[in-house]
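As a plain string of letters, each chain reads:
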Amino acid sequence: MKKKVHLVLGSGGARGLAHIAVIEELEKEGFEIIEVIGCSMGAVIGGFYAAGHLKEYKEWLFGLSKSDVFDLMDFTFTKQGFIKGEKIFNTLREMTGDLNIEDFKVPFTAVATDMKNNKEVYFRKGDLFRALRASVSIPGVFLPVIDGNRLLVDGGVLNPMPVNLVKKKEDAIVVAVNLNAPAEDSFRAIKKSTRELARKNEIQKWIEKMLPDGLKEYAKKYGKEGAETEKEEFSLMGLMEATFSFTQDRLSELILETSKPDILISIPRNAAGTFEFYESKNIYSLGQERCKKAMQLLEN
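Residues numbered from 1 in each chain as written. Predicted model: local features only at pLDDT ≥ 70, side-chain atom pairs only at ≥ 80, totals over all residues. Heavy atoms only, no water.

> Let's hear about the environment of K66: which residues, and what values?
In this fold, K66 is placed in helix 4 (residues 66-71). Here K66 falls in the partly exposed class, since its relative accessible area comes to 29%. Considered as a pair, K66 and E279 are 213 residues apart in the sequence and their alpha carbons are 8.9 Å apart. (Helix = DSSP H or I, 4+ residues; strand = E, 2+ residues; numbered from the N terminus. Buried < 20%, exposed > 50% of the residue type's maximum accessible area, 1.4 Å probe, protein only.)

> Before we move on, can you summarise the nonpolar core with the specific residues and values?
The biggest cluster of nonpolar side chains holds 71 residues, and the ones touching the most others in it are L7, L26, I45, Y57, F108 and F123. Broken down by element, this core gets its largest block of residues, eight residues, from helix 2 (residues 41-51). One finds C39, V163, V174 and A176 within the second-largest nonpolar core, a separate group that totals 12 residues. (Core = buried A, V, L, I, M, F, W, Y, C linked by side-chain atoms within 4.5 Å.)

> Hey, could you go over the environment of V163 for me, with residue numbers and the actual values?
Along the chain, V163 turns up in the loop between strand 6 (150-154) and strand 7 (172-181). V163 sits 93 residues away from L256 along the chain, and the two C-alpha atoms are 7.4 Å apart. Ignoring anything within four residues of it in the chain, the contact list for V163 reads V8, V174, A176, L256, S259 and P261. (Contact = heavy atoms within 4.5 Å.)

> Can you break down empty space enclosed by the protein residue by residue, with the values?
This structure, assessed with the given rule, holds one cavity of 30 Å³ or more. When its volume is computed, the largest cavity comes out at roughly 400 Å³. In this structure, the largest cavity is lined by 28 residues; those nearest its centre are M41, I88, V136, F142 and F277. Residue assignment for the lining of the largest cavity shows that the elements contributing at least two residues are helix 2, helix 3 (54-62), helix 5 (86-96) and helix 10 (236-258). (1 Å grid on protein atoms, 1.4 Å probe; cavity = no way out; pocket = protein on both sides within 12 Å on 5 of 7 lines; lining within 4 Å. Points joined across faces, edges and corners; volume = space filled by probe spheres on them.)

The structure is reproduced here in structure tokens:
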């Protein structure tokens, strides 16, 4: 009889590509995934897996170049965000056709946040892509999803690591993947060597060109104050990403202190930036490596 797993996949942008490696490693080791709970990118990967379409999604992700990522951004400029998010999810819907969560063989939950009512929202039925669109809506970046009296944004605002939602069965274990683990020096060194390239990224340039001069000056000033050396500074995009990421880091720590999984697979938050999907193969390899190490600890 196969060993059973409740799988919890946390938020963390492009680092979520590590989730794919974890799923494949678990299946290779003979585990049966009996439930998936995901937040943000964890919801996207988990949703495609539960729907039986992870293979197609993986192939598509691995084929993305930096320019492809840019082309998928349907930019706008409003008080609520600067990416509509419709283009990417329409592309995904074309890949699989319409999908309803209640039809999945593997029970699935996507976590979002209702900003109007200050509470978590759990999608366990209905249109998968609407649920995913809500779950990934980073405040200030993606436009929120309006659902009746609810204003839905990224689940990571309140629960980036939703281990607490698992109702554990006696014959199963809980495996969680945290994409907001503490930064590691090996990845920090890599980021420093590519920081100049990142600063010239087309997405950042477009965003900053559209912003009011006062906000750009504030970001420039604050970015210099927060830099590690006088020669470095955060871009506005970098500041927004860091602010959200640091909050997720702390929330993840607190949740994992009170709701401990049987196996925790940790991916450093500086392993990849939120939109660095073109680093898919490296992130996937990291997920494989960390999953194997965590499984070895369980066996010992």
